[in-house]
Amino acid sequence: MNVTDEFLDLATPQGVMRTYVYAPVQRAGKERTLPGLVLYSEIFQQTGPIRRLALQFAGQGYLVMVPEVYHEHEPPGTVLAYEGTDKDKGNAYKLTTRMETFDHDANTVIQALKRDSRCNGRVGAVGFCLGGHLAYRASLHPEVLATACFYATDIHSGTLGVGQNADSLARAGDIQGELMMIWGRQDPHIPEAGRTVIRQRLQEAGVCFTWHEFNGVHAFMRDDNERYDPALARLAMGLALDLFHRTL
């Protein structure tokens with residue numbers, strides 16, 4: 001399927017948020033037929049692997065928007081390297097960005113999707129690593145009908161945002177849509193004890209969710225290094241697409 005590739009510069013109180021937009025090419029008269037997806041990146045913003053994941057979702061019939069999560073700190077178009085000082089920056093920015101900023105940005109992208117003439121008004125979220133946590137935060141928004149979180153960091157510890165006291169677990173009861181959590185058992189960032197805390201809280205809050213744990217390391221969806229597990233990535237992508245096809 002042919003996919004369009006463009007970007008929007010969305011206004012926020014912290015300045016322009018560069019947002020990449022991918023969608024299948026539509027025939028005339030097919031307006032308002034595409035479900036919308038907010039796709040959140042890792043701490044490195046839109047790397048090649050994240051762009052390719054966005055293209056996969058768009059190729060399956062979704063209008064996908066990928067916001068730059070660190071637009072407050074870096075100029076539009078910035079991609080951080082996986083190692084060295086860029087990695088340090090990415091880890092620092094997640095602690096120097098206010099939760100109110102992350103949440104306001106989520107609403108900004110959700111509303112941009114709903115305004116787009118291609119979107120059918122039904123919106124989901126998906127994210128990876130930091131983006132998994134941000135997708136979870138987006139699921140607190142009542143307009144988000146389904147969310148897939150891949151190895152979401154810092155939910156169990158609350159160590160996201162200024163003060164490192166994110167209320168993500170405390171607000172689990174605000175989730176009205178369906179949630180999917182996907183984990184790697186060999187992921188040191190979210191150990192078994194942390195995953196147990198999250199699962200128990202979701203159960204206590206009565207969230208409609210599915211839970212998938214696989215033998216995989218952190219970032220097993222990242223297709224350009226040794227962490228990539230193509231068989232597991234194919235399976236996990238299928239689970240996410242099944243969720244979105246069914247709900248959106």
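Note that the structure is a prediction, hence the values are computed from the model and not measured.

*Asks:* Even after reading the chapter, I still don't get the overall build of the protein, so can you show me in this structure?
*Replies:* The secondary structure content of the protein amounts to six helices and eight strands. The order of helices and strands in the protein, counted from the N terminus, is β-β-β-α-β-α-α-β-α-β-β-α-β-α. The C-alpha atoms of the protein give a radius of gyration of 17 Å, which matches the 18 Å a tight globule of 248 residues would have. Overall, the C-alpha framework of the protein stretches about 50 × 35 × 35 Å when taken along its three principal axes.

*Asks:* Hey, could you run me through the nonpolar core in this one?
*Replies:* Counting residues in hydrophobic clusters, the biggest one holds 85 residues, and the most contacted among them are Phe-57, Val-64, Tyr-136, Phe-150, Leu-202, Met-221 and Phe-244. When residues in this core are grouped by element, the largest group, nine residues, is from helix α6 (residues 230-247). Residues within four places of Phe-57 in sequence aside, it is in contact with Leu-37, Leu-39, Tyr-62, Val-64, Val-126, Met-237, Ala-240, Leu-241 and Phe-244.

*Asks:* Whenever I open this one, the pattern of salt bridges confuses me. Can you help?
*Replies:* A side chain of one charge can pair with a side chain of the opposite charge if their charged atoms are brought near each other. Using the criterion set out here, one finds 19 salt bridges in the structure. Beyond isolated ion pairs, a larger network of salt bridges with shared partners links Arg-185, Arg-195, Arg-199 and Glu-213.

*Asks:* Please explain the packing of aromatic side chains as it appears in this structure.
*Replies:* To describe a pair of aromatic rings, you give the distance between the ring centres and the angle between the ring planes. In this structure the tally under the stated criterion is nine aromatic pairs. Residues Tyr-151 and Phe-220 carry aromatic rings whose centres are separated by 5.1 Å and whose planes lie at 70° to one another, so their mutual orientation is edge-to-face. Pair noted here: Tyr-151 is in the loop between β6 (144-150) and β7 (178-184) and Phe-220 is in the loop between β8 (209-214) and α6, with a separation of 69 residues, a long-range link. Pair check on accessibility: Tyr-151 and Phe-220 agree, each one buried. Ring centres 6.2 Å apart and planes at 80° place the aromatic pair Phe-209 and Trp-211 in the edge-to-face group. An aromatic cluster of three or more residues is present, and its members are Phe-128, Phe-150, Tyr-151 and Phe-220. Seen from the ring of Trp-211, Arg-199 lies directly overhead, with NZ or CZ sitting 5.5 Å from the centre.

*Asks:* Would you explain the sheet that holds β7 in this entry?
*Replies:* Sheet strands pair via backbone hydrogen bonds, and the direction of the pair is either parallel or antiparallel. Sheet architecture is open: eight strands sit in the order β1-β2-β4-β3-β5-β6-β7-β8, paired in mixed fashion. The open sheet terminates on both sides in strands that have one partner only, identified here as β1 (3-12) and β8. The mean angle between the axes of side-by-side strands here comes to 20°, regardless of whether they run parallel or antiparallel. Packing against the sheet, helix α4 (residues 130-139) makes contact with β3 (34-40), β5 (119-128), β6 and β7, and its axis sits at approximately 160° to β6. Its contacts with the sheet place α6 against β3, β5, β6, β7 and β8, and it is angled at close to 170° to β6.

*Asks:* Help me understand the packing of helix α1 (residues 48-59) against α6 in this model?
*Replies:* The description of two packed helices rests on the angle between their axes and on the distance between the axes. In the contact formed by α1 and α6, the axes pass within 11 Å of each other and the chain directions differ by 45°. Viewed along their axes, α1 and α6 adopt a mutual orientation that is oblique. Both α1 and α6 take part in a crossing whose hand is right-handed. Note on element contacts: α6 touches α1 through Met-237, Ala-240, Leu-241 and Phe-244, opposite Leu-53, Gln-56 and Phe-57. In terms of residue class, the contact of α1 with α6 is built from six nonpolar, one polar and no charged.

*Asks:* I tried to follow the side chain of Glu-42 on my own but got confused; where do I start?
*Replies:* Along the chain, Glu-42 turns up in the loop between β3 and α1. A residue is classified by how much of its surface remains accessible, and Glu-42, at 2% relative accessible area, is buried.

*Asks:* It is not clear to me how the confidence of the model for the protein should be interpreted in this structure. Could you clarify?
*Replies:* The predicted structure's coordinates, where accompanied by low pLDDT, should not be read in detail. Mean pLDDT for the protein: 97, with 100% of residues reaching 70 or above. When pLDDT is averaged over each element of the protein, β6 comes out on top at 99 and β1 at the bottom at 97.

*Asks:* Help me understand the pairing of strand β2 (residues 15-24) in this model?
*Replies:* In summary, the side chains of a regular strand alternate between the two faces of the sheet. Of all ten residues in β2, eight are buried; the element is thus mostly enclosed. Inspection of the sheet shows β1 paired to β2 by ten bridges, in the antiparallel sense. Paired with Leu-8 across the two strands is Thr-19, which belongs to β2. In this antiparallel pair of consecutive strands, β1 and β2, the connection spans two residues. As judged from the four bridges shared by β2 and strand β4 (residues 63-67), these two strands associate in the antiparallel manner. Across the sheet, the residue bridging to Tyr-20 is Val-66, located in β4.

The rules behind the values
Residues numbered from 1 in each chain as written. Predicted model: local features only at pLDDT ≥ 70, side-chain atom pairs only at ≥ 80, totals over all residues. Heavy atoms only, no water. Helix = DSSP H or I, 4+ residues; strand = E, 2+ residues; numbered from the N terminus. Rg over C-alpha atoms; globule rule 2.2 N^0.38 Å. Core = buried A, V, L, I, M, F, W, Y, C linked by side-chain atoms within 4.5 Å. Buried < 20%, exposed > 50% of the residue type's maximum accessible area, 1.4 Å probe, protein only. Contact = heavy atoms within 4.5 Å. Salt bridge = Lys/Arg side-chain N within 4 Å of Asp/Glu carboxyl O. Phe/Tyr/Trp six-rings, centres within 6.5 Å; stacked < 30°, edge-to-face > 60°. Lys NZ or Arg CZ within 6 Å of the ring centre and 35° of its normal. Pairing = 2+ DSSP bridges. Axes fitted to C-alpha atoms, helices over the stretch in contact; angles between N-to-C directions. Parallel < 35°, antiparallel > 145°, perpendicular 65-115°, else oblique. Left-handed = near helix turned anticlockwise from the far one by under 90°. Nonpolar A, V, L, I, M, F, W, Y, C, P; charged D, E, K, R; others polar. pLDDT = per-residue confidence, 0-100.

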